[in-house]
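An overview of the molecular structure
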Amino acid sequence: MTGRHPGVTRAGSDAGSGPVLGLSLGHRTDREAEHWLREYVQPLGRPDLVACTHLTATPYPHVTISVRLPGAALPELPVTAPELREAAGHGAAGHLARRSGRAVRYPGVELLVGTLTVAELIEVSAIERVTVLGAGAPDPDTPVETRDFVRPQWLDGRLTLVTTPVAGNRIGPFEVPDPTPCCADHR
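In this report, the structure presented in the accompanying data block is examined. (Residues numbered from 1 in each chain as written. Predicted model: local features only at pLDDT ≥ 70, side-chain atom pairs only at ≥ 80, totals over all residues. Heavy atoms only, no water.)

**Here's the deal with the packing of aromatic side chains**
In this structure the tally under the stated criterion is one aromatic pair. With a centroid separation of 4.7 Å and 20° between ring planes, the pair formed by W36 and Y40 is classed as stacked. Linking W36 with Y40, this pair stays in helix α1 (residues 30–40), spanning four residues, or about one helical turn. Overall, the relative accessible area of 22% leaves Y40 in the partly exposed class. Above the ring of F149, the side-chain terminus of R151 is found at 4.0 Å from the ring centroid. (Phe/Tyr/Trp six-rings, centres within 6.5 Å; stacked < 30°, edge-to-face > 60°. Helix = DSSP H or I, 4+ residues; strand = E, 2+ residues; numbered from the N terminus. Buried < 20%, exposed > 50% of the residue type's maximum accessible area, 1.4 Å probe, protein only. Lys NZ or Arg CZ within 6 Å of the ring centre and 35° of its normal.)

What follows is the structure, given as structure tokens:
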């Protein structure tokens, strides 16, 4: 079922960058939500789009989605069921405030393949900060094994990639890829 934004929660906008829309379709996992984003949002072909997933427990455990498409109206969106609207609103508000959300689509994500230095990763993408779990900020010249799967999070107002050490004095994203057969075809 679709409609002209019924059930989609607008969280406002900041600095003229456009509203953040919250959407909850009852996805049970990040993988399901990412698959939906690939099918629905990626074809828009907008490099300035930022789409995040948010884990929520209300009214049952599921994943909500928040989307910001600066300077443009989104096309028709699926309807969020009334019982999920509050959860969708929380995800949108967290994204708008830059305090929560796991970014799936964001400027430069398509360039984060192979190995880049921390400085290069920050230069070519919307990621603002890289941290090493339990160790703080890495040196800008530290190699990052992206695994072609980079999911930063909004932390303390900054899009932050949390990493862990990997072999060869390198670091890699804390979250590792685990594609399903369906989503593996979309890479």
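**Description of the pattern of salt bridges**
Applying the stated rule across the entire model yields eight salt bridges. In this structure, R38 engages E34 in a salt bridge whose closest nitrogen and oxygen atoms are separated by 3.3 Å. Taken together, the positions of R38 and E34, both in helix α1 and four residues apart, correspond to about one turn of that helix. Taken as a pair, R38 and E34 share a single burial class, namely buried. With a shortest N-O distance of 2.4 Å, E128 and R98 are connected by a salt bridge. (Salt bridge = Lys/Arg side-chain N within 4 Å of Asp/Glu carboxyl O.)

**Observations concerning unusual backbone geometry**
Following T58, the chain continues into P59 via a peptide bond in cis, with omega recorded as -5°. Looking at the element boundaries, P59 is found in the loop between β4 (50–56) and β5 (62–68). A positive phi angle, near 60°, is found at R147, a position not held by glycine. Despite not being glycine, D148 has its phi angle at roughly 55°, a positive value. Along the chain, the position of D148 falls in the loop between β10 (143–145) and β11 (153–155). Looking at D148, the relative accessible area reads 43%, which means it is partly exposed.

**Topic: the environment of L116**
By the secondary structure assignment, L116 is in strand β8 (residues 115–117). On the basis of relative accessible area, L116 is assigned to the buried category, the value being 15%. In this structure, the C-alpha to C-alpha distance between L116 and P143, residues 27 residues apart in sequence, is 5.6 Å. Leaving out residues up to four positions away in the same chain, L116 has contacts with L111, L121, T142, P143, V144 and T146. (Contact = heavy atoms within 4.5 Å.)

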